Amino acid sequence: MNQEIQKRFAEVSLHIPEILLPAPELSLAQFAVIACDQHSAEPAYWEETKRIAGDAPSALHLMLPEAWLGSREEIEPEIPRTMKKYLEDGSLRSIGCGMVYVRREVGPGLVRHGLVTAIDLEGYDWAPGNHNRIRATEATVAERLPERIKIRNQACLEIPHVMVLLDDEENAMSGLLEARRETLPKLYDFELMQGGGRIEGYFVQEESALAAVAEVMEQLLASCEDGFLMAVGDGNHSLAAAKACWEMRKEELAAAGGDMSPE
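These remarks concern the structure in this document.

How each quantity is defined
- Residues numbered from 1 in each chain as written.
- Predicted model: local features only at pLDDT ≥ 70, side-chain atom pairs only at ≥ 80, totals over all residues.
- Heavy atoms only, no water.
- Pairing = 2+ DSSP bridges.
- Helix = DSSP H or I, 4+ residues; strand = E, 2+ residues; numbered from the N terminus.
- Salt bridge = Lys/Arg side-chain N within 4 Å of Asp/Glu carboxyl O.
- Buried < 20%, exposed > 50% of the residue type's maximum accessible area, 1.4 Å probe, protein only.
- Axes fitted to C-alpha atoms, helices over the stretch in contact; angles between N-to-C directions.
- Parallel < 35°, antiparallel > 145°, perpendicular 65-115°, else oblique.
- Left-handed = near helix turned anticlockwise from the far one by under 90°.
- Contact = heavy atoms within 4.5 Å.
- Nonpolar A, V, L, I, M, F, W, Y, C, P; charged D, E, K, R; others polar.
- Core = buried A, V, L, I, M, F, W, Y, C linked by side-chain atoms within 4.5 Å.
- Phe/Tyr/Trp six-rings, centres within 6.5 Å; stacked < 30°, edge-to-face > 60°.

**Regarding the sheet that holds strand β7 (residues 124-125)**
Backbone-to-backbone hydrogen bonds pair the strands of a sheet. The strands run either parallel or antiparallel. The sheet built from four strands is open, its strands ordered β7-β8-β12-β9 with mixed pairing. Each edge of the open sheet carries a strand with a single partner, namely β7 and β9 (163-166). Bridge count for strand β8 (residues 134-136) against strand β12 (residues 230-234) is three bridges, and the pairing is parallel. Directly across from arginine 135, in β12, lies its bridge partner alanine 231.

**Re unusual backbone geometry**
The residue glutamine 194 is not glycine, and still its phi comes out positive at about 50°. Relative to the elements of secondary structure, glutamine 194 occurs in the loop between β10 (186-191) and β11 (198-204). Even without a glycine there, the phi angle at aspartate 226 is positive, about 60°.

**Digging into the pattern of salt bridges**
In this structure the tally under the stated criterion is 18 salt bridges. The residue glutamate 48 makes a salt bridge to arginine 51 at a minimum N-O spacing of 2.7 Å. Here glutamate 48 and its partner arginine 51 are both found in helix α3 (residues 43-53), three residues apart, which amounts to about one turn of the helix. Take glutamate 48: its relative accessible area is 28%, and that puts it in the partly exposed class. When the shortest N-O distance is used, the salt bridge between lysine 250 and glutamate 122 registers 2.9 Å. Linking lysine 250 in helix α8 (residues 236-256) with glutamate 122 in the loop between β6 (118-119) and β7, this pair joins segments that are 128 residues apart in sequence. Judged by relative accessible area, which is 37%, glutamate 122 ranks as partly exposed.

**Side note on the packing of helix α1 (residues 3-11) against helix α7 (residues 207-223)**
It is at 9 Å that the axes of α1 and α7 come closest, and there the two elements cross at 25°. Classed by the angle they form, the pair α1 and α7 counts as roughly parallel. Of the two possible hands of crossing, α1 and α7 adopt the one that is left-handed. Taking contact as the criterion, the partners of Ile5, Arg8, Phe9 and Glu11 in α1 are, on α7, Glu207, Leu210, Ala211, Val213, Ala214, Glu215, Glu218 and Leu221. Among the residues forming the contact of α1 with α7, the class breakdown is seven nonpolar, no polar and five charged.

**Thoughts on the nonpolar core**
Ranked by internal contacts, the top residues of the largest apolar core, which has 37 residues, are Phe9, Val204 and Val213. The element best represented in this core is α7, accounting for nine residues. Leave out the neighbours within four places in its chain, and phenylalanine 9 touches Leu14, Ile16, Met99, Leu210, Val213 and Ala214. In terms of nonpolar packing, the next biggest core, distinct from the first, is built from 21 residues, Leu60, Leu64, Trp68 and Tyr86 among them.

**What about the sheet that holds strand β5 (residues 110-116)?**
One open sheet holds the four strands; their spatial order is β5-β4-β11-β10, and the pairing between them is antiparallel. Of all strands in the sheet, those bounded by a partner on one side alone are β5 and β10. Averaged over neighbouring strand pairs, the angle between their axes works out to 15° when direction is ignored. Sheet topology note: the β10/β11 ladder contains five bridges and is antiparallel.

**Overview of the packing of helix α5 (residues 146-154) against α8**
At their nearest, the axes of α5 and α8 sit 9 Å apart, and the two run at 55° to each other. Looking at the two axes, α5 sits oblique to α8. In this structure, α5 meets α8 at a crossing whose hand is right-handed. On α8, the residues touching Arg148, Ile149, Arg152 and Asn153 of α5 are His237, Ser238, Ala241, Ala242, Ala244, Cys245, Met248 and Arg249. Here the residues of the contact of α5 with α8 are counted per class, giving six nonpolar, three polar and three charged.

**Comments concerning the packing of aromatic side chains**
Per the stated rule, a full pass over the model turns up four aromatic pairs. A centroid spacing of 6.5 Å and a plane angle of 45° characterise the contact between phenylalanine 31 and tyrosine 86, whose relative ring orientation is tilted. One end of the pair, phenylalanine 31, is in helix α2 (residues 28-31); the other, tyrosine 86, is in helix α4 (residues 78-88), with 55 residues separating them in the sequence. Judged by its relative accessible area of 10%, phenylalanine 31 falls in the buried class. Of the residues examined, tyrosine 86 reaches a relative accessible area of 3% and is grouped as buried. When the centroid spacing of 5.9 Å and the interplanar angle of 65° are considered together, the rings of tyrosine 188 and phenylalanine 190 count as edge-to-face. A relative accessible area of 15% places tyrosine 188 in the buried class.

Now the structure itself:
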């Protein structure tokens, strides 16, 4: 990967991640589930999701929905083991480093646009009054973090379930990606379970496409107020848990004289 492009993304608190997708023979409809912080007050939704997923490889088996916090302790040790299993048996396979442009149709003519990427935890803070580029949008309840931290400390994979909102009033990012969509390799296109809509994913991997994304981010950072570039719209507690794990890991690395990069 071009080091100059990596450096440009680091300046806007982003990194280019390695992307893993389910093996071609697996059912994407069973694998993909809605973000784990959604339907937190609807245990019945998750029971139906569990029925649909069954024993098939599924993102459901790689996370702990908020609706089950404190009530499904037996799941905690299984999640890291399942992550390793999916890597070992080929259920999840790397397609290389890049980002994924996502289009999710949630109603007639209503499409939500997003970009699957990685944020720099050094650029994020959930504490009120901070001036980081990435900030929380709601109060973080410390009591909700221990279970998440326990799982994440043992996790070898990250499930992209945190939704970060970009300060982009003119929709420059989605406009750029939509304009380039026909030139990007299509990764998937299928119906989500339980009325979640239809979702498409396109691989943003070519240097020219990544450079264009970096340029938009640089322009947005230059124009945003007080350096507030991104707001955590969903998954605040999951990201707070990730931050806590990184702070612990950072102390360990510092003591060992190791690499301090949060990637």
